[in-house]
Amino acid sequence: MIPGLGALTQDTLWCFSQVKGTIEIGATEDEMLLSLPALHLQTSEYHPLFQLPHGRLGPWCSPTGSPAPLSCETGCREGSWILVCRLLVPTQVSLLSMEEDIDTRKINNSFLRDHSYATEADIISTVEFNHTGELLATGDKGGRVVIFQREQESKNQVHRRGEYNVYSTFQSHEPEFDYLKSLEIEEKINKIRWLPQQNAAYFLLSTNDKTVKLWKVSERDKRPEGYNLKDEEGRLRDPATITTLRVPVLRPMDLMVEATPRRVFANAHTYHINSISVNSDYETYMSADDLRINLWNFEITNQSFNIVDIKPANMEELTEVITAAEFHPHHCNTFVYSSSKGTIRLCDMRASALCDRHTKFFEEPEDPSNRSFFSEIISSISDVKFSHSGRYIMTRDYLTVKVWDLNMENRPIETYQVHDYLRSKLCSLYENDCIFDKFECVWNGSDSVIMTGSYNNFFRMFDRNTKRDVTLEASRENSKPRAILKPRKVCVGGKRRKDEISVDSLDFSKKILHTAWHPSENIIAVAATNNLYIFQDKVN
Amino acid sequence: MMLSKGLKRKREEEEEEKEALAVDAWWLEPGHPAVAQAPPAVASSSLFDLSVLKLHHSLRQSEPDLRHLVLVVNTLRRIQASMAPAATLPPVPSPPTAPGIADNLLASSDAALSASMASLLEDLSHIEGLSQAPQPLVDEGPPGRPSGAAPPSLGALDLLGPATGCLLDDGLEGLFEDIDTSMYDSEFWAPVSEGHKPSPEDGPGKEEAPELDEAELDYLMDVLVGTQALERPPGPGR
């Protein structure tokens, strides 16, 4: 199919593809330990995988294949190969299976922590495709990053496009304690951003509230053998016992994917980091917190330039914070940042070193008929994204998604209602803090369709050309292999039709805050709490 | 949206929806056509309480979410601005629900309202531990504020309690070592620390009010009004 072309104009049908994550408590399951390629990870004292938070232990599989309790400490000392993946075979819940005719439903849970129930640490906090769409990264509340890789399409299964399988898992951030301020720093991954690929390795930035890290993910399929001074287990040999010399040779080995932190950019943010954005020059990136934006060079970790500072001299006068920021996709001197008051500022770094004065200021005048005590809260922008073309920016506030033309500052060119039926419920949503939820929004590859999440595990797509929109749901019940997703509808009053759901029945604890769209194809990743859903359009 | 335009509802609408209309309308600003259905003073009081609870809950975090804080404070400002005309009237009659501290807030003088608001807003200044001495507030508050606005700013620090001492720079903490904070462990603030979610309009916070005796109540009002200055030696703890 032609990627991304007229996604919704020909009645695109979205199909369930995969789901990753734990199933809800209550489902019975058997554990099966299997060996999968690309997931053998050599233990080492420094291997991030074994810095399990809170010293969690788990039954790992020994190389012989029999389950054996193995502490991370033991693993580190012995330096042996340890299988770290496992497959959970549930007895209920329908999910994608590998072959069409298999009844057994499998979940690829190989990246899970050692528990068979969902914990808060598994809540996905960010989702991002890389620039080619080959890799899909997720970050979670426990500070972990899981990278999925799309399998090569095989000729004998042309009707099913490549699936995403676990490629690498590592602990990116640990919980920290700031002794000076007696504060605990959350390890939750707020954002992941990929760098464009320049060699065989993959690079990504991941950040928590305070620290940004550059990770290198690389493959190794050869290892040197035949050392003179070390034996096969890595122990040093007594030089007196060496009688001959040999040249070490590289021998093939099982594919190993390792993630190593290459840079740590710390101590530059007093407030909580909400955004990172890689510049189009591929040499710099920016990190934004509530009041400041810093510019970094990838090579330099002990310095950063402050390019935006909206902290008032007197904190009593604080009325506005920065909520999101992003670099222009092509112009390395241009970036935008959004605020809690519903404004967007576009800045040019060539104008001055400190971009406190914006080049452009985007704000829509308030609609007097909709004015309420909550007007400001619902106007707070939770996400801002440049279109791939660089001509438009999209913003998400609590109830709407807006598309702005960079050349028109006084109002957006398009406004889409995500869940306007919530407008009459704002007080309740204020009471339970849902009104402060921060939803993200994404463009498709051709900038013709935009997508954002809602409550009840609903997510919405808007076709900018046809002005059509659709509401879909990410749920286990609707997750049969290649099942076509049925559009959902919320009933706002009057008679409720059979398939509709009434506003009062919506589950506000099931919110889709993070979604991602493949850069060139109609493949989307939707994070629903601790589950990652992957949907594709129906291939004819 | 039907609600904001105040359209008439059909006769066959269910009773709950009519109630919902009345309840949902009260968060609209006074003067809005839909508000005419509900008494604004009482409604705003509940929203005010809710926002105050949220503000305190937010501030009691070891590291407050600045966005949440700013949005709540700005909303509180809006509510206060809309309540200002009502505050100059004689004490508002208590609503049918159990009388609570919040009603005393409303019933008290305009100065108390603005002072409590001012002190709450002052909390922002202590997040990064600014070392300046408490400064007179900028603008806020309806006209008629007493000139003694300086003391309330100090009251704010007390209201936060010892937990937020960690928000200050190291140099400042020594200044407040001799403050007796036990007096602030009163039940008035208990709902804030115990409850993780703000209570509904008639939440448990008000039910605890009758447990406070009059003397404690008077003392609390004094604190809010700001007659309790930092320079005074701390009184015996309560």
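Residues numbered from 1 in each chain as written. Chains lettered and ligands numbered in written order. Predicted model: local features only at pLDDT ≥ 70, side-chain atom pairs only at ≥ 80, totals over all residues. Heavy atoms only, no water.

## Here's the deal with the environment of Val247(A)
All names here are of chain A.
Part 1: Within the secondary structure layout, Val 247 lies in the loop between strand S16 (212–225) and strand S17 (249–265).
Part 2: By relative accessible area, which is 68% here, Val 247 ends up exposed.
Part 3: Taking the C-alpha atoms as reference points, Val 247 and Pro 224, 23 residues apart in sequence, are found 9.9 Å from one another. (Helix = DSSP H or I, 4+ residues; strand = E, 2+ residues; numbered from the N terminus. Buried < 20%, exposed > 50% of the residue type's maximum accessible area, 1.4 Å probe, protein only.)

## Comments concerning the confidence of the model for chain A
Residue and element names in this part refer to chain A.
Part 1: Chain-level statistics for chain A give a pLDDT mean of 82 and a share of 79% at 70 or above.
Part 2: This stretch, residues 1–9, has a pLDDT under 50; its non-local contacts, to residues over four places away or in other chains, come to 24 contacts.
Part 3: Counted against residues more than four places away or in other chains, residues 25–110, with its pLDDT under 50, gives 164 contacts. (pLDDT = per-residue confidence, 0-100. Contact = heavy atoms within 4.5 Å.)

## As for the packing of aromatic side chains
Residue and element names in this part refer to chain A.
Part 1: Counted under the stated rule, the structure contains 22 aromatic pairs over all chains.
Part 2: Centroid distance Phe 265 to Tyr 285: 5.1 Å. Interplanar angle 75°. Geometry classified as edge-to-face. Taken together, the residues span a long stretch of sequence, with Phe 265 in strand S17 and Tyr 285 in strand S19 (residues 284–289) at a distance of 20 residues. Just as Phe 265 is buried, Tyr 285 falls in that class too.
Part 3: Their ring planes at 45° and their centres at 6.1 Å tell us that Tyr 430 and Phe 436 sit as a pair that is tilted.
Part 4: The class for Phe 436 is buried, based on a relative accessible area of 8%.
Part 5: A connected cluster of aromatic rings, assembled from ring pairs, spans Phe 16, Phe 459, Tyr 533 and Phe 535.
Part 6: Lys 230 extends its terminal NZ or CZ atom over the ring of Tyr 227, reaching a point 4.6 Å from the ring centre. (Phe/Tyr/Trp six-rings, centres within 6.5 Å; stacked < 30°, edge-to-face > 60°. Lys NZ or Arg CZ within 6 Å of the ring centre and 35° of its normal.)

## What to know about the pattern of salt bridges
Residues and elements named next belong to chain A.
Part 1: Enumeration according to the criterion identifies 30 salt bridges over all chains in this entry.
Part 2: Salt-bridge contacts for Lys 141 lead to Glu 120; the nearest nitrogen and oxygen are separated by 2.5 Å. One end of the pair, Lys 141, is in the loop between strand S9 (135–140) and strand S10 (144–150); the other, Glu 120, is in the loop between strand S7 (87–90) and strand S8 (124–129), and 21 residues separate them in sequence.
Part 3: On the accessibility criterion, Lys 141 (26% relative accessible area) is partly exposed.
Part 4: One salt bridge in this structure joins Arg 193 and Glu 128, with 3.1 Å as the shortest N-O distance. (Salt bridge = Lys/Arg side-chain N within 4 Å of Asp/Glu carboxyl O.)

## What about the sheet that holds strand S1 (residues 14–20) of chain A?
All names here are of chain A.
Part 1: Strand order in the open sheet formed by four strands is S1-S38-S37-S36, and the pairing between neighbours is antiparallel. Of all the strands in the sheet, the pair left with one neighbour each is S1 and strand S36 (514–517). Going across the sheet, the axis of each strand differs from the next one's by a mean of 20°, ignoring polarity.
Part 2: In this sheet, strand S38 (residues 531–537) lies alongside strand S37 (residues 523–528) in antiparallel orientation, the contact comprising six bridges. Pairing of Ile 524 across the sheet is with Phe 535, part of S38. (Pairing = 2+ DSSP bridges. Axes fitted to C-alpha atoms, helices over the stretch in contact; angles between N-to-C directions.)

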